[in-house]
Amino acid sequence: DAGVIQSPRHEVTEMGQEVTLRCKPISGHDYLFWYRQTMMRGLELLIYFNNNVPIDDSGMPEDRFSAKMPNASFSTLKIQPSEPRDSAVYFCASSQLLDGANYGYTFGSGTRLTVV
Amino acid sequence: DAKTTQPTSMDCAEGRAANLPCNHSTISGNEYVYWYRQIHSQGPQYIIHGLKNNETNEMASLIITEDRKSSTLILPHATLRDTAVYYCIVQATGTASKLTFGTGTRLQVTL
């Protein structure tokens, strides 16, 4: 398995532009998570999906952020319009329950976003 | 609210055992203890988890006290590649939701 695949690895954009981050979870995993990491705030959970349905988006900072999961193999995180304070590393992770137990999340390599 | 407490940083000589402590005094009966690590510029990596029994896998051992209020992650023979931030997290059984990361312990393995 190729693991969780995120694209792009790096993104530099100008303030006000739309940014779309992409994630392909591990096949068979029914949970998908979006995290953001900054030096100041550490790793923050933004939103997570179960069976393609958003379950908890309380971590989404503003209406400028939106996430979708149109099918089990693809998710996007969109920022529109982007601002310099959105600069961070964005991680996608996936997981599944086996016999009622969670055997850990698998994280992607992240997308480093810089908004200038 | 932080559910775990870890030292901010630790050092370990290469080849020696690294013992990383974690306090989780308010852990509930249905909560597992999970350990992850994050090597610089990479995504977090799952290491091990346990409920009340000690656990061992190819990466590490997890020792949980009988009262479950604390645990220790043991890397038996640390190498330079084990230099990372190690996170101890508690999460309820039967859910894969809302894994909340604290600040973790920064382990520096030295020659």
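Everything discussed here concerns the structure shown above.
Residues numbered from 1 in each chain as written. Chains lettered and ligands numbered in written order. Predicted model: local features only at pLDDT ≥ 70, side-chain atom pairs only at ≥ 80, totals over all residues. Heavy atoms only, no water.

A. View of the overall build of chain B. In terms of regular secondary structure, chain B is built from zero helices and nine strands. Against the globule reference of 13 Å for 111 residues, chain B gives a C-alpha radius of gyration of 13 Å, in line with a compact fold. With the C-alpha coordinates of chain B rotated into their principal frame, the extents come out at 40 × 30 × 25 Å. For chain B, the proportion of its 111 residues judged to be buried stands at 45%. Looking at charge distribution, chain B has the averaged site of its 9 positive side-chain charges lying 3 Å from that of its 9 negative ones. (Helix = DSSP H or I, 4+ residues; strand = E, 2+ residues; numbered from the N terminus. Rg over C-alpha atoms; globule rule 2.2 N^0.38 Å. Buried < 20%, exposed > 50% of the residue type's maximum accessible area, 1.4 Å probe, protein only. Lys, Arg positive; Asp, Glu negative; His and termini not counted. Charge placed at Lys NZ, Arg CZ, Asp CG, Glu CD.)

B. Quick peek at the state of the cysteines. Going through the model one piece at a time under the given rule, you end up with two disulfides over all chains. With its sulfur 1.9 Å from that of its partner, A:Cys23 forms a disulfide with A:Cys92. Taking the sign of the S-S torsion, -70° for the link of A:Cys23 and A:Cys92, the bridge is left-handed. With a gap of 69 residues between them, A:Cys23 in strand β3 (residues 19–24) and A:Cys92 in strand β9 (residues 88–95) connect regions that are remote in the sequence. A:Cys23 sits in the buried class, given a relative accessible area of 1%. Disulfide pairing is shown between B:Cys22 and B:Cys88; the S-S distance is 2.1 Å. Here the disulfide of B:Cys22 and B:Cys88 is left-handed, its torsion about the S-S bond being about -80°. Separated by 66 residues along the polypeptide, B:Cys22 in strand β2 (residues 18–23) and B:Cys88 in strand β8 (residues 84–92) bring together distant segments of the chain. A single burial state applies to B:Cys22 and to B:Cys88, both of which are buried. Residue B:Cys12 stays outside any disulfide, its sulfur separated by 18 Å from that of B:Cys22, the closest cysteine. (Disulfide = S-S within 2.5 Å.)

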